[in-house]
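The lines below spell out each chain.
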Amino acid sequence: MSKYDLFSTAYCHFVSLQVRPHKEGLKTTEPYLLDISSRILESNKAISHNLVEGDVAVSKKRNAMKCWNGSCKWPKSFNGLVEVPYILSDYFYGGEKASIKTAMDTFHKKTCVRFVPRRDQSDYLSIESEMGCWSTIGREGGQQVVSLSVYGCLDRGTVQHELLHALGFHHEHTRSDRDRYVRINWKNIPSASVNNFNKMNTNNLNTPYDYSSVMHYGRTFFASAFGADTITPIPDSSVPIGQRNGMSYIDIVRINKLYECSEYNNP
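Let me sum up the structure you'll find in this document. From a predicted model like this one, the values you see are computed outputs, not experimental measurements.

Points about the state of the cysteines
Per the stated rule, a full pass over the model turns up 2 disulfides. Here C112 is linked by a disulfide to C261, with a sulfur-sulfur distance of 2.0 Å. An S-S torsion of about -55° defines the bridge between C112 and C261 as left-handed. Taken as a pair, C112 in the loop between helix 3 (94-110) and strand 4 (113-117) and C261 in the segment after helix 5 (249-258) lie far apart in primary sequence, 149 residues in all. Using a relative accessible area of 0% as the deciding quantity, one classes C112 as buried.

Things to note about the packing of helix 3 against helix 4 (residues 156-167)
Contact geometry for helix 3 and helix 4: axes closest at 9 Å, N-to-C directions at 60°. In terms of orientation, helix 3 lies oblique with respect to helix 4. Crossing angle aside, the handedness with which helix 3 passes helix 4 is right-handed. Along its contact with helix 3, which presents I100, A103, M104, T106 and F107, the element helix 4 presents R156, V159, Q160, L163, L164 and L167. Taken together, the residues of the contact of helix 3 with helix 4 sort by class into 8 nonpolar, 2 polar and 1 charged.

Regarding the environment of S213
By secondary structure assignment, the location of S213 is in the loop between strand 8 (182-184) and strand 9 (231-233). Look at S213 and you get buried, because its relative accessible area is 0%. With residues up to four places along the chain from it excluded, the contact list for S213 reads E172, Q243, S248, D251 and R254. One polar contact links S213 to D251, side chain to side chain, over a distance of 2.6 Å.

Thoughts on the packing of helix 2 (residues 36-43) against helix 4
Contact geometry of helix 2 with helix 4 gives a least axis separation of 9 Å together with a crossing angle of 80°. The orientation of helix 2 relative to helix 4 falls into the category roughly perpendicular. Residues I36, R39 and I40 of helix 2 form the contact with helix 4, whose participating residues are G157, T158, H161 and E162.

Concerning the pattern of salt bridges
All told, the structure shown has 10 salt bridges when counted by the stated rule. One salt bridge connects D90 with K97, and the closest N-O pair in it is separated by 3.6 Å. When its relative accessible area of 22% is taken as the criterion, K97 is described as partly exposed. A salt bridge links E172 to R254; its shortest N-O distance comes to 2.8 Å. One end of the pair, E172, is in the loop between helix 4 and strand 8; the other, R254, is in helix 5, and 82 residues separate them in sequence. For R254, a relative accessible area of 6% puts it in the buried group. Beyond isolated ion pairs, a larger network of salt bridges with shared partners links E172, R175, D177 and R254.

Cut-offs and rules
- Residues numbered from 1 in each chain as written.
- Predicted model: local features only at pLDDT ≥ 70, side-chain atom pairs only at ≥ 80, totals over all residues.
- Heavy atoms only, no water.
- Disulfide = S-S within 2.5 Å.
- Helix = DSSP H or I, 4+ residues; strand = E, 2+ residues; numbered from the N terminus.
- Buried < 20%, exposed > 50% of the residue type's maximum accessible area, 1.4 Å probe, protein only.
- Axes fitted to C-alpha atoms, helices over the stretch in contact; angles between N-to-C directions.
- Parallel < 35°, antiparallel > 145°, perpendicular 65-115°, else oblique.
- Left-handed = near helix turned anticlockwise from the far one by under 90°.
- Contact = heavy atoms within 4.5 Å.
- Nonpolar A, V, L, I, M, F, W, Y, C, P; charged D, E, K, R; others polar.
- Polar contact = N/O pair within 3.5 Å; in protein donor to acceptor, adjacent residues only side chain to side chain.
- Salt bridge = Lys/Arg side-chain N within 4 Å of Asp/Glu carboxyl O.

Laid out in structure tokens, this is it:
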């Protein structure tokens, strides 16, 4: 193959990644029957080697995912609201932008967090349709990408899941006291995926472990064999984990505790 042929092949591949194969008003196919964690893992198959815990991008500006002394919290404004500036990529169609904004509405109605269109703020979220669904943990400083691919990441629960990461929250199954509430079945986890189940030194904000959290992954998260449980609730193994909807009551309580939204104590 000539250099020209190689260039042409590469260029056509590049163009294919940029062009939307559907028109405004048509919905992309999304795996709605899957729980949120399964949707995310399905969307992230091709990029899982760049992420930890399935959808967490490692920070290039911090040495770890730990937010020390609230350094990665978004600041409160003089009006008592936590304003998180964002921009939405023009790659999203109008209906897709509306879906993202609808997912943000729960934060606006039940917490003091407000996702606001960026004006000239130096720290902000750049919400883009990159490959897969992912975010870093907490405020990084400057522009930080939250990826919400149009192919699988625009349902309400997935959008809220990634925005919670951007606000500073980890997955529920990695919280520091998780061994009292779930059993990690190491024998069902491939050695390359073991690090996705490491416990984090989390601030649990004096809230109970939440099996129904939008941040809790499902039973077969990173299983080595189809249908094998990697996470089992204890002592009652029948407790449901891995949901399809959106933020739980305790998810909302935690936002209000972390960001000191005292006027929203009863979400």
